[in-house]
Amino acid sequence: MRPNDRKYTKTHEWVKLSGEDVLIGITDFAVQELCSGNEGDLVYCDLPEPGRSIEAGETFGEIESVKAVADMNAPVAGTVTEINVHVEEHLEILSRDPWNQGWLIRMQPRSKALDGPELLDAAAYEAFITASKH
Amino acid sequence: MSGREAWRLLVTWAGEPGWNMALDEALHAGADSRPVLRFYTWKPHALSLGYFQRWQQFAPLASEQVLVRRFSGGGAIHHQDELTFSIAAAETHALFRGEVRNSYERVHGLLARAFATLGVRAELRGRDGLASDRAATGMCFHQSTPLDLAWDGRKGVGSAQRRSASRVLHHGSIKLGASALEEGVAVLRAHAPALEPAELARRIQAEFEDGLGCTFSREEPSASERELAARRAGFYRSDPFLRRR
């Protein structure tokens, strides 16, 4: 079961409250789709500059595996306050710990209520993934 | 009713390099939701850089080659004596569903069947490296992964994907003949000396029809796709995009 302390998107990002901010990352499912368990297959990650304002659903970054480039979309609107430089330099973290060490951006959210219609709890995300496999 | 899935088939020979990339962007946007297989060639010949490749590595070639940058990843490809193809469909399509690895296995399986009709025994590379691997050239065909399609112990198909907005664009380059920039790679004319892009395209189309149970409708790009391609062609060969990294 995936962590219950955050919300998920159908494009496989997560968002979690962290004090006055939110942390955003991508799910284990997204990582698995890109690299099939080969952590060395993730080769590059492009994250936004702090200060950038991002709308919900907008692409905030891109990640490249050896065989695909994929967009990463913001689950909520806000302003980027920090990016995880350590992950940019050590993408294997995304395979090992996408939930904690593998956060990608910290944002000051426009609203702290993580209740948008596009946001799923862990159980709903699990169901969505199961359905999408068939 | 046949029950076979309807695909679009686009064939655009001798396309201008920036326009070739821009039309793929239009197909990826998916205004027409039907899956589409596109075959194309390049005029003039061009070198396409992968989305994240560093400009500085290829800047010395700018005076002698037409350069564009792709929105798919991977290494650089010299589009000279080859058949290029793209496939655009929803990420939930049976061809693309699941892990990226699975989609490569499906696409390359279909290509291998088409190559077999030419007497070429192509297989996924697997664990071991290839005789075409070269260090640090930045060329797609000089780097191989287990999912790459190879024959004669060398890489013969260059592939990359872009996944965004629940859509997948799969780029592929199949070498018919040799290029000085891609020394040592596998070429189909080593086995089929008279092979031309149109004939190879016909054989691949047949394997898609058979393997996927689909039917193709040969069409021209739609008016909106042509408009987007014309408007965006310059972007893919523009300095800001070429030098984005």
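This one's a predicted model, so the numbers in the text were calculated from it and none came from an experiment.

When helices and strands are tallied, chain A shows four helices and nine strands. Going from N to C terminus, chain A has its helices and strands arranged as β-β-β-α-β-β-β-β-β-α-α-β-α. Computed over C-alpha atoms, the radius of gyration of chain A comes to 14 Å, within 12% of the 14 Å expected from 2.2 N^0.38 for 134 residues, which places it in the range of a compact globule. When its C-alpha atoms are laid out on the principal axes, chain A stretches across 35 × 35 × 20 Å. Burial status across chain A gives 51% buried among its 134 residues.

Residue and element names in this part refer to chain B. Taking 1.5 Å as the rise per residue, helix H5 (residues 223–236) with 14 residues should run 20 Å; its terminal C-alpha atoms sit 20 Å apart, in good agreement. Helix geometry: H5 is bent most strongly at Ala230, by close to 30°. Regarding H5, the residues found buried are Glu225, Leu228, Ala229, Ala233 and Tyr236. For H5, the elements touching its buried residues are strand E1 (5–15), helix H1 (17–29), strand E4 (66–69) and helix H6 (239–242).

Of the residues lining the interface, 23 residues belong to chain B; the matching set on chain A comes to 18 residues. Summing both partners gives a buried area of about 1,800 Å² for chain B against chain A, and 49% of it is carried by carbon and sulfur. Counting the contacts that link chain B with chain A gives five salt bridges. In this structure, the salt-bridge partner of Arg162 of chain B is Asp71 of chain A, at a minimum N-O distance of 2.4 Å. Listed by contribution, the elements that provide at least two residues to the side of chain B that touches chain A are helix H3 (100–116) and strand E10 (157–164) of chain B. For the side of chain B that touches chain A, the leading source of residues is E10 of chain B, giving six residues. Within the side of chain B that touches chain A, the residues separate by chemical class into six nonpolar, eight polar and nine charged. Looking at chain direction, strand E7 (residues 68–73) of chain A and E10 of chain B are connected through three bridges and run parallel. Within E10 of chain B, the residue paired with Ala68 of chain A across the bridge is Gln161 of chain B.

For chain B, the average pLDDT comes to 96, and 99% of its residues sit at 70 or higher. Reported confidences for the modelled complex are a pTM of 0.94 and an ipTM of 0.90.

So, on to the packing of H1 of chain B against H5 of chain B. All names here are of chain B. Look at H1 against H5: their axes get within 7 Å of each other, and the N-to-C directions meet at 130°. Between H1 and H5, the angle is such that the two are oblique. Seen along the crossing, H1 lies across H5 with a hand that is right-handed. Only Glu225, Leu228, Ala229, Ala230, Arg232, Ala233 and Tyr236 of H5 make contact with H1, whose side of the interface consists of Gly18, Trp19, Met21, Ala22, Leu23, Glu25, Ala26 and Leu27. Partitioned by chemical class, the residues of the contact of H1 with H5 number 11 nonpolar, one polar and three charged.

What follows concerns the environment of Ala124 of chain A. One can find Ala124 of chain A in helix H4 (residues 122–132). Ala124 of chain A sits 100 residues away from Ile24 of chain A along the chain, and the two C-alpha atoms are 18 Å apart.

Turning our attention to unusual backbone geometry. Of note, the amide linkage connecting Lys43 of chain B to Pro44 of chain B takes the cis form, showing an omega dihedral of 0°. Counting through the fold element by element, Pro44 of chain B comes out in the loop between strand E2 (36–42) and strand E3 (46–49). Of note in the backbone geometry, Ser36 of chain A takes a positive phi value of approximately 50° without being a glycine. Take Ser36 of chain A: it is sitting in the loop between helix H1 (28–35) and strand E4 (42–46).

So, on to the nonpolar core. Among the nonpolar cores identified, the biggest contains 36 residues, and Phe115, Ile174, Leu188 and Leu200 of chain B are the most heavily contacted of them. Sort the elements by how many residues they give to this core and H3 of chain B lands first, with six residues. Counting 33 residues, the second-largest nonpolar core is a separate cluster that includes Leu47, Met72, Ala74 and Ile105 of chain A.

The subject of this paragraph is the sheet that holds E4 of chain B. Residues and elements named next belong to chain B. The strand order across the open sheet built from three strands is E4-E3-E5, with neighbouring strands paired in mixed fashion. Two strands in the sheet have a free side with no partner beyond their single neighbour: E4 and strand E5 (77–79). Averaged over all neighbouring strand pairs, the angle between strand axes comes to 30°, with direction disregarded. Sheet topology places E3 next to E4; four bridges connect them, and they run parallel. If you follow Leu47 over to E4, its bridge partner there is Leu67. Strands in contact with H1 are E3 and E4; relative to E4, the strand with the most contacts, it is inclined by about 15°.

The rules behind the values
Residues numbered from 1 in each chain as written. Chains lettered and ligands numbered in written order. Predicted model: local features only at pLDDT ≥ 70, side-chain atom pairs only at ≥ 80, totals over all residues. Heavy atoms only, no water. Helix = DSSP H or I, 4+ residues; strand = E, 2+ residues; numbered from the N terminus. Rg over C-alpha atoms; globule rule 2.2 N^0.38 Å. Buried < 20%, exposed > 50% of the residue type's maximum accessible area, 1.4 Å probe, protein only. Expected span 1.5 Å × (residues − 1). Bend = angle between axes of the 7 residues up to and from the residue. Contact = heavy atoms within 4.5 Å. Buried area = accessible area lost by both parts, 1.4 Å probe. Salt bridge = Lys/Arg side-chain N within 4 Å of Asp/Glu carboxyl O. Nonpolar A, V, L, I, M, F, W, Y, C, P; charged D, E, K, R; others polar. Pairing = 2+ DSSP bridges. pLDDT = per-residue confidence, 0-100. Axes fitted to C-alpha atoms, helices over the stretch in contact; angles between N-to-C directions. Parallel < 35°, antiparallel > 145°, perpendicular 65-115°, else oblique. Left-handed = near helix turned anticlockwise from the far one by under 90°. Core = buried A, V, L, I, M, F, W, Y, C linked by side-chain atoms within 4.5 Å.

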